[in-house]
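# Close look at the chain arrangement
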Amino acid sequence: MSPISHRARVVSLPSQGTAVVRLTDMGGSGDGCAGCRISAVCTRSSEMVLEVAVPAGVSPAAGDQVLIEAPRALGRRAVVATLLLPTAVLVAALAIAMLAGMSEAGAVAVGLLALGATFVALCLVRERIEAPAKWKITKIISD
């Protein structure tokens, strides 16, 4: 399976082996977003800035156009964390509240509280979720 790829422009090189890039398009060979059914709800902005790894043998400079790639598993992780987990929590909270004999309004309140707690928890563990997301520069593209 091909990796997710995007074109980006190098903004800065803060340290050895890392670069800060700004996405310039959502294209590229093997682009995972093109065939993704939930891409409409994803952050697909040209203003998106990422810190990426610079492997040995690749020497970008600020302003260079580059191709960045990440494993396809990154997309699956994003779907689980942003769509499936919150939906499952909401449905489970509603079902438990209704089975406990709460009114519909009470069950909705419990469901929304559970959903809010889920998003707060996801924000608190965001770095752990993103840690395996290793974007890297694969090549420098001539303008």
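The text that follows walks through the structure, step by step, so that each part is easy to find. In this convention, every chain numbers its residues from 1, walking through the sequence in written order. Whole-chain, interface and lining totals are the exception, using all residues; otherwise, since this is a predicted model, local features are given only for residues with pLDDT of at least 70 and side-chain atom pairs are given and counted only at 80 or more. The side-chain quantities take in all heavy atoms of the structure and omit both hydrogens and water.

### Comments concerning the nonpolar core
One broad trend across soluble globular proteins is that nonpolar side chains are buried collectively. Counting 16 residues, the largest nonpolar core has Val21, Val52, Ile68, Trp135 and Ile137 as its most contacted members. Note on definitions: a residue-residue contact is assigned when non-hydrogen atoms from the two residues lie within 4.5 Å. Once you skip the residues sitting within four places of it in the chain, valine 52 turns out to touch Gly17, Thr18, Ala19, Val21, Ile68, Trp135, Lys136 and Ile137. Buried residues of nine kinds, namely Ala, Val, Leu, Ile, Met, Phe, Trp, Tyr and Cys, make up a nonpolar core once their side-chain atoms join them within 4.5 Å. For every residue, the accessible area obtained with a 1.4 Å probe (protein chains only) is divided by the maximum for its type, and the residue is called buried under 20%, exposed over 50%, and partly exposed between those limits.

### Brief notes about the packing of helix α1 (residues 73-99) against helix α2 (residues 104-124)
Where α1 contacts α2, the axes come no closer than 8 Å and their chain directions differ by 150°. The angle between α1 and α2 falls in the class roughly antiparallel. For α1 against α2, the interelement crossing comes out right-handed. Along its contact with α1, which presents Ala81, Leu85, Pro86, Val89, Leu90, Ala93, Leu94, Ala97 and Met98, the element α2 presents Glu104, Ala107, Val108, Val110, Gly111, Leu112, Ala114, Leu115, Thr118, Phe119 and Leu122. Taken together, the residues that form the contact of α1 with α2 break down as 17 nonpolar, two polar and one charged. A fitted line through C-alpha atoms serves as each axis, taken over the contacting stretch for helices, and the angle formed by two N-to-C directions is quoted from 0 to 180°. A helix here means a DSSP run of H or I that spans at least four residues, while a strand means a run of E at least two residues long, and both kinds are numbered starting from the N terminus. Should an angle fall under 35 degrees it is taken as roughly parallel, and over 145 as roughly antiparallel, whereas 65 to 115 is taken as roughly perpendicular and any remaining angle as oblique. In this scheme the handedness of a crossing depends on how the near helix is turned from the far one: anticlockwise by less than a right angle means left-handed, clockwise means right-handed. Throughout this entry, Asp, Glu, Lys and Arg are counted as charged residues, while Ala, Val, Leu, Ile, Met, Phe, Trp, Tyr, Cys and Pro are counted as nonpolar. The remaining residues, Gly among them, count as polar.

### Things to note about the side chain of glutamine 65
Tracing the chain through its elements places glutamine 65 in strand β4 (residues 65-70). Here glutamine 65 falls in the buried class, since its relative accessible area comes to 9%. Side-chain atoms alone can form a polar contact between residues adjacent in sequence; in general such a contact is a pair of N or O atoms within 3.5 Å, and within protein one must be able to donate a hydrogen while the other accepts it. Within the structure, the side chain of glutamine 65 is placed 2.9 Å from the side chain of arginine 9, a separation counted as a polar contact.

### A short note on the environment of leucine 94
Tracing the backbone shows leucine 94 in helix α1. Residue leucine 94 is classed as partly exposed on the basis of its relative accessible area, which comes to 29%. In this structure the C-alpha to C-alpha distance between leucine 94 and leucine 112, which are 18 residues apart in sequence, comes to 8.8 Å. Discounting residues that sit within four places of it in the chain, leucine 94 has contacts with Ala107, Val108 and Gly111.

### Some remarks on α2
A helix's residues, less one, multiplied by 1.5 Å, set its expected span. The end-to-end C-alpha distance of α2 is 30 Å, a good match for the 30 Å that 21 residues give at a rise of 1.5 Å each. The set of residues buried in α2 consists of Gly106, Ala107, Gly111, Ala114, Leu115, Thr118 and Leu122.

### A word on α1
Over its 27 residues, α1 runs 36 Å from end to end, which matches the ideal 39 Å to within 8%, given 1.5 Å per residue. Note on bend: the value at a residue is the angle between axes fitted to the seven residues ending there and to the seven starting there. The largest bend along α1 measures about 40° and falls at valine 80. Looking at the buried residues of α1, the elements they touch are β1 (4-15), β4 and α2. Where α1 terminates, the next one or two residues include glycine 101, which has phi positive at roughly 90°.

### Observations regarding the pairing of β1
Whether two strands pair depends on DSSP finding at least two bridges between them. As defined by bridge partners, β1 adjoins β4 across six bridges and the pair is classed as antiparallel. Paired with histidine 6 across the two strands is isoleucine 68, which belongs to β4. Of the pairings in the sheet, the one linking β1 to strand β2 (residues 18-25) comprises six bridges and is antiparallel in character. Within the sheet, the bridge partner assigned to valine 10 lies in β2 and is valine 21. Where β1 folds back onto β2 in an antiparallel hairpin, the turn is made up of two residues, including glycine 17, whose phi is positive at roughly 90°.

### Let's talk about a nonpolar patch on the surface
Nonpolar side chains (Val, Leu, Ile, Met, Phe, Trp, Tyr) within 5 Å and like charges within 9 Å form the patches, drawn only from residues with over 30% relative accessible area and no salt bridge. Only the protein chains shown count as cover for residues, with accessible areas throughout obtained via the Shrake-Rupley method and a probe of 1.4 Å. A side-chain nitrogen of Lys or Arg and a carboxyl oxygen of Asp or Glu constitute a salt bridge if their distance falls within 4 Å. Together, Val80, Leu84 and Leu85 make up an exposed nonpolar region whose accessible area comes to about 260 Å². Position of valine 80 relative to the elements: it lies in helix α1.

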